[in-house]
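Survey of secondary and tertiary structure
Here is how the chains run, residue by residue.
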Number of protein chains: 2
Amino acid sequence: MKYSYVSHLECPKCHEHYSVDEVSQLCRCGAPLLVRYDLKAANSAFKKEEVKIRKNSLWRYHELLPVKNEENIVSLDEGMTPLTHLKKLGEQYSLTNLYIKDEGIIPTGSFKTRGASVGVSKAKEIGVKQLAMPTNGNAGAAWALYAAKAGIKATIVMPLDAPNITRKEVAVSGADLYLVNGLISDAGKIVGKLIAEQGIYDASTLKEPYRIEGKKTMGYEILEQFNWQIPDVILYPTGGGVGIIGIYKALLELKVMGWIEADKFPRLVAVQAEGCAPIVRAWQEGKKESVFWENSKTNAFGINVPKALGDFLVLEAINKTNGCAIAISEENISKAQKQVAELEGNFICPEGAATFAAARILREKDWIKEEETVVCLNTGAGIKYPETVETNNVTLLQPDDVIQS
Amino acid sequence: MKYSYVSHLECPKCHEHYSVDEVSQLCRCGAPLLVRYDLKAANSAFKKEEVKIRKNSLWRYHELLPVKNEENIVSLDEGMTPLTHLKKLGEQYSLTNLYIKDEGIIPTGSFKTRGASVGVSKAKEIGVKQLAMPTNGNAGAAWALYAAKAGIKATIVMPLDAPNITRKEVAVSGADLYLVNGLISDAGKIVGKLIAEQGIYDASTLKEPYRIEGKKTMGYEILEQFNWQIPDVILYPTGGGVGIIGIYKALLELKVMGWIEADKFPRLVAVQAEGCAPIVRAWQEGKKESVFWENSKTNAFGINVPKALGDFLVLEAINKTNGCAIAISEENISKAQKQVAELEGNFICPEGAATFAAARILREKDWIKEEETVVCLNTGAGIKYPETVETNNVTLLQPDDVIQS
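Just so you know, these numbers come straight off a predicted model, no measurement behind them. (Residues numbered from 1 in each chain as written. Chains lettered and ligands numbered in written order. Predicted model: local features only at pLDDT ≥ 70, side-chain atom pairs only at ≥ 80, totals over all residues. Heavy atoms only, no water.)

1. Brief notes about the side chain of A:Ser4
Residues and elements named next belong to chain A. This is how the line gets drawn: Labels follow the DSSP assignment, with helices taken as runs of H or I lasting at least four residues and strands as runs of E lasting at least two, numbered in each case from the N terminus. For this analysis, a polar contact is any N or O atom pair within 3.5 Å, provided that within protein one partner can donate a hydrogen and the other can accept it, and provided that sequence-adjacent residues contribute only side-chain to side-chain pairs.
Among the secondary structure elements, Ser-4 is positioned in the segment before β1 (6–10). Side-chain polar atoms of Ser-4 contact the backbone nitrogen of Val-6, separated by 3.1 Å. Within the local environment of Ser-4, its side chain forms a polar contact with the backbone oxygen of Leu-65, the two atoms lying 2.5 Å apart.

2. Quick look at the sheet that holds strand β14 (residues 395–397) of chain B
The cut-off we apply is this: At least two bridges found by DSSP between two strands is the condition for calling them paired. The criterion used for residue contact is that any of the two residues' heavy atoms lie within 4.5 Å. Comment: axis = line fitted to C-alpha atoms, over the contacting stretch for helices; angle = value between 0 and 180 degrees taken between N-to-C directions.
Strand order in the open sheet formed by five strands is β9(A)-β6(A)-β7(A)-β8(A)-β14(B), with parallel pairing between adjacent strands. What marks the edges here is a single partner per strand, and that holds for β9 (201–202) of chain A together with β14 of chain B. With five bridges joining them, strand β7 (residues 153–159) of chain A and strand β8 (residues 176–180) of chain A adopt parallel strand pairing. Bridge assignment links A:Met158 to a residue of β8(A), and that residue is A:Leu179. In this fold helix α6 (residues 164–173) of chain A packs onto β7 and β8 of chain A, with an angle of close to 165° to the strand it touches most, β7(A).

3. A closer look at the environment of A:Ser7
Residue and element names in this part refer to chain A. As for its position among the elements, Ser-7 is in strand β1. Linking Ser-7 and Tyr-37, residues 30 residues apart in sequence, is a C-alpha distance of 4.8 Å. With near-sequence residues (within four places) excluded, Ser-7 lies in contact with Val-20, Arg-36, Tyr-37 and Asp-38.

4. Examining the interface of chain B and chain A
Cut-off, in case you're wondering: Computed with a 1.4 Å rolling probe, the buried area is the accessible surface lost when two parts are put together, summed over both parts. We define a salt bridge as a side-chain nitrogen of Lys or Arg found within 4 Å of a carboxyl oxygen belonging to Asp or Glu.
Taken together, the contact between chain B and chain A spans 69 residues of the former and 69 residues of the latter. Between chain B and chain A, the buried area comes to about 6,100 Å², and carbon and sulfur atoms account for 62% of it. A per-residue breakdown of the area chain B buries against chain A is headed by B:Val172, B:Ile383 and B:Ile403, which together make up 12% of the total. Taken together, the links from chain B to chain A amount to two salt bridges. The closest approach of N and O atoms between A:Glu344 and B:Lys149, which form a salt bridge, is 2.5 Å.

5. Describing the environment of B:Ser4
Residue and element names in this part refer to chain B. Inclusion rule: With a 1.4 Å probe rolled over the protein chains alone, any residue whose accessible area is under 20% of its type maximum counts as buried; one over 50% counts as exposed, and the rest are partly exposed.
Looking at Ser-4, the relative accessible area reads 5%, which means it is buried. A sequence separation of 62 residues divides Ser-4 from Pro-66, and the C-alpha atoms of the two residues are 6.3 Å apart. Aside from chain neighbours lying at most four places away, what touches Ser-4 is Tyr-37, His-62, Glu-63, Leu-65, Pro-66, Val-67 and Lys-68.

6. Some remarks on the side chain of A:Thr81
Residue and element names in this part refer to chain A. Following the sequence through the fold, Thr-81 ends up in the loop between α2 (48–51) and β4 (83–85). In this structure Thr-81 comes out as buried when scored by relative accessible area, which is 1%. Here the side chain of Thr-81 touches Glu-103 through a polar contact of 2.7 Å, side chain to side chain. Among the polar contacts listed, one links the side chain of Thr-81 to the side chain of Arg-114, at a separation of 3.4 Å. Filtering out sequence-adjacent residues up to four positions away, Thr-81 remains in contact with Lys-101, Asp-102, Glu-103, Ile-105, Ile-106, Arg-114, Glu-221 and Gln-225.

7. Let's talk about the relation of the copies chain B and chain A
Going by this rule: In superposing the copies, a least-squares fit is computed on C-alpha atoms, taking residues whose pLDDT is at least 70 in both.
After a rotation of 180° and a shift along the axis of 0.0 Å, chain B superposes on chain A with an RMSD of 0.0 Å. This pairing of chains is accounted for by a two-fold axis. Distance from the rotation axis, computed per C-alpha, reaches its smallest value in chain B at B:Ile105: 2.7 Å. A share of 100% of interface residues in chain B that are also interface residues in chain A marks the association as one of identical surfaces.

8. Regarding the packing of helix α4 (residues 112–125) of chain A against helix α5 (residues 138–150) of chain A
Residue and element names in this part refer to chain A. Heads up, the condition is: In this scheme, a crossing is called left-handed if the near helix is turned counterclockwise away from the far one by less than a right angle; it is called right-handed if the turn is clockwise. Residue polarity follows a fixed list, in which Ala, Val, Leu, Ile, Met, Phe, Trp, Tyr, Cys and Pro are nonpolar, Asp, Glu, Lys and Arg are charged, and the others, Gly among them, are polar.
Where α4 contacts α5, the two axes come as close as 9 Å, and the packing angle between them is 40°. In this structure, α4 meets α5 at a crossing whose hand is right-handed. On α5, the residues touching Lys-112, Thr-113, Gly-115, Ala-116, Ser-117, Gly-119, Val-120 and Lys-124 of α4 are Asn-138, Ala-139, Ala-142, Trp-143, Tyr-146, Ala-147 and Ala-150. Of the residues in the contact of α4 with α5, the class split is eight nonpolar, five polar and two charged.

9. Brief notes about the pattern of salt bridges
A side chain with one charge may pair with a side chain of the opposite charge, provided their charged atoms come close. Residue and element names in this part refer to chain A. Under the defined criterion, the tally for this structure stands at 62 salt bridges over all chains. Across the pair Glu-221 and Lys-101 runs a salt bridge whose closest N-O atoms are separated by 2.7 Å. In this pair, Glu-221 sits in helix α8 (residues 211–225) while Lys-101 sits in strand β5 (residues 97–102), placing the two residues 120 residues apart along the sequence. Across the pair, exposure class does not vary: Glu-221 and Lys-101 are buried alike. Between Glu-125 and Lys-122 there is a salt bridge whose closest N-O contact spans 2.9 Å. Of this pair, Glu-125 and Lys-122 both sit in helix α4, three residues apart, which is roughly one turn of that helix. For Lys-122, a relative accessible area of 0% translates into the label buried.

10. Focus on the pairing of strand β1 (residues 6–10) of chain B
Residues and elements named next belong to chain B. Among the five residues of β1, four are classified as buried, and the element is accordingly described as predominantly covered. Bridge analysis of β1 against strand β3 (residues 34–37) gives four bridges, and the strand direction is antiparallel. Residue pairing across strands places Glu-10 opposite Leu-34, the latter belonging to β3. Pairing between β1 and strand β2 (residues 17–18): two bridges, direction antiparallel. Residue pairing in the sheet places Glu-10 in a bridge with His-17 of β2. Connecting β1 to the antiparallel partner β2 that follows it, the hairpin turn spans six residues, and His-15 within it adopts a positive phi of roughly 65°.

11. Some thoughts on helix α11 (residues 311–320) of chain A
All names here are of chain A. Burial within α11 is extensive, with seven of its ten residues counted as buried. Of all the positions in α11, only Asp-311, Phe-312, Leu-313, Val-314, Leu-315, Ala-317 and Ile-318 are classed as buried. The inward-facing, buried residues of α11 contact α9 (242–257), β11 (267–273), α10 (278–284) and β12 (324–328). A positive backbone phi angle near 60° is found at Asn-322, which sits one or two residues after α11.

12. Re α6(A)
Residues and elements named next belong to chain A. Counting buried residues along α6, nine of its ten residues qualify, which places the element largely inside the surrounding structure. Turning to α6, its buried residues number three or more, namely Ile-165, Thr-166, Arg-167, Lys-168, Glu-169, Val-170, Ala-171, Val-172 and Ser-173. Once α6 ends, the next one or two residues include Gly-174, with phi positive near 85°.

13. Structural notes on the packing of aromatic side chains
Worth spelling out the cut-off: To pair, rings of Phe, Tyr and Trp, with the six-membered ring standing in for Trp, must have centres within 6.5 Å; the planes then decide the type, stacked if under 30 degrees apart, edge-to-face if over 60, and tilted in the middle. Whether a charge sits over a ring comes down to the Lys NZ or Arg CZ being within 6 Å of the ring centre and within 35 degrees of the ring normal.
One pass over the structure, following the stated rule, counts twelve aromatic pairs over all chains. Ring geometry for A:Tyr99 against A:Phe226: centres 4.9 Å apart, planes inclined by 85°, an arrangement best described as edge-to-face. Of this pair, A:Tyr99 sits in strand β5 while A:Phe226 sits in the loop between α8 and β10 (233–237); the two residues are 127 residues apart in sequence, bridging distant segments of the chain. As far as burial versus exposure is concerned, A:Tyr99 and A:Phe226 are alike and both buried. An aromatic cluster is present here, built from A:Phe46, A:Trp228 and A:Trp259 joined pairwise through their rings. Taking NZ or CZ as reference, A:Arg267 lies 4.5 Å from the ring centre of A:Trp367, over its face. Looking at B:Lys13, its charged tip hangs above the ring of B:Phe312, at a distance of 4.3 Å from the centre.

14. What about the UniProt feature "domain: Tryptophan synthase beta chain-like PALP" (unreviewed entry) in chain A?
What counts is decided by this rule: UniProt positions are given in the numbering used here, feature names are shortened, and annotations may be inferred rather than shown by experiment.
Within the UniProt annotation, "domain: Tryptophan synthase beta chain-like PALP" (unreviewed entry) is assigned to residues 74–380 of chain A. Here residues 74–380 of chain A is 45% helix and 17% strand, with 21 Å between the C-alpha atoms at its ends.

Okay, here's the thing in structure tokens:
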């Protein structure tokens, strides 16, 4: 019984192989690398019924994760986030089986934690002492805190406009924090120079292969929480797209393992903001890759990614599952955020709110049927986005006042 | 098999009984009421081994919770928060078995969620249509969001100085929010007038009996997560004290059920801030009740409670378990918060940080022994307290800059 059945890294473009025992970043051809496992051996060693009584952590799937030695795991017991049936909102949307997978209920308050736990653990295993990354905020916060726990020095560069709370998270971790008067692409250039000069580990999205492995556990969990029954539709807010790539990878692995029916996949939906919708445009035009989105702008900061390195993998995931891509207006994002809180009590982030607006619109177009099982992925806690809620008109009382009603 | 084995309400002072099927607030004698169960019947119906495979939610203990009909449950799948061994911090503190119970990893980002889920569910069951409460922030946020889900109208009154994010949470829920230019005691007076005039349900701390029942599940979970082995010490940041009262109640119930050893209890420690330490003073003076703490002040806003209604129950819990009470300086609170993040990756709230400082000090005094199992309760997510982290000196780069190191 091995702790992990990881076998090697593979390039999805040129199919070159690399070792998982030393540092690898991108493939020589420039494409991101994917982690491969000996799924046959894993399947004989490990049954889905065993998972149920394991610890509430994404590491319950350790056989299908890339860390070979349990001692290298850097964990805050992240994962097994709630999958909750939203009855009242479902009535409103005419969706009888509407669910939220709430990734706000996790250490650091965002789904980026999954990538950080697996990515930092593997970095520790292959001997990384120092890493650097550009971030729109949440990923940097998560990696900084997990790197601190691992004893790895982290350098984080984020736009001045990134959510203030993520700046605080990086600072409290003791990581080196830099702000840049520009976009994540500018932060990326600064990190690129640092890495080239100093040989530091590049933890940028998809430039290290292990973050996807953390993200794919969302797929495992959704399936496990549905008792290995496949939902019809999963909607995912798509910036860099690592989550949707990861969920699709999880489905493919579970299919090989025989843990899910071979002939059915959930339709994967990439949800973007109208102000930054490169994947949506590429999907509409039937392209295999996206084009850089000029002057991108959205309050859903986490999906403000004008050109994703893994765009071709996102488009493949959508197309192979008969999914689609859809862009949502800022107005509809905020309306959905308010609706979810008022009816269901979940204070979600704007990126997550976009998926609810998308579910409503796709239901109206009858692309989703009333009885279908639909999962909206909320990628972060609303408490990380205080500026999305207006409180300017709240009444201020003096101690002797009386509430008039 | 009943869903709940709740039997009645009992006054811990005058022992009067009340029904759980109608609205009850305080006892006629002015004391808070406690919920009683038919533990013997529960014990024959429900075994601790069954709990393990139930859903990750505090409602896994539904037989020992006060809601009779499952349909009344208002849940965001809260509970089963991480209990994590902190090896590096433990080395620093000479505590081999130091654990964090991290209540930041829960909907609404604080332990107040437990009280809200159980309290709102029971309010729904007994027909409440409208509730009101004063709050230092987190409780109001949680009750507002759960009330929204339940379809109960909520009126929340909080000090102007309460954490800004909690104001946003109340607003997004659609509840009526009022700020008061004063303390929680002033908010309490305003709520008191509203309730007297309009016959609204009073959801103030301990003025409704069911919040404790939510909080006690922290005790159940700690025991379950230790495989029903009893830890030596549990440290709890104490404001209103409902958590420590709840944990002690849980221990007493589990003892009657025979789920834990009859002759051993963990020592319960009430941790307060030096600027507001009424329980500590009362404990030091051997008193059964505390005295109002004048001009209370601490950055750990949640434990700024000058006089708790349940102080006598907190003191009883400490004394009966051979525990103690300790006050922590603001400087030690912030030092501990930084230490936990830098060594372990948990961004905790100042209230939670106080318990770590307390563990360190009690270890230094040898009140805690090196090998003892120690649980520090972090009551909320650090991301709700951005102002506790300093980021004024962060370097701002221009897009063409290079990081000098």
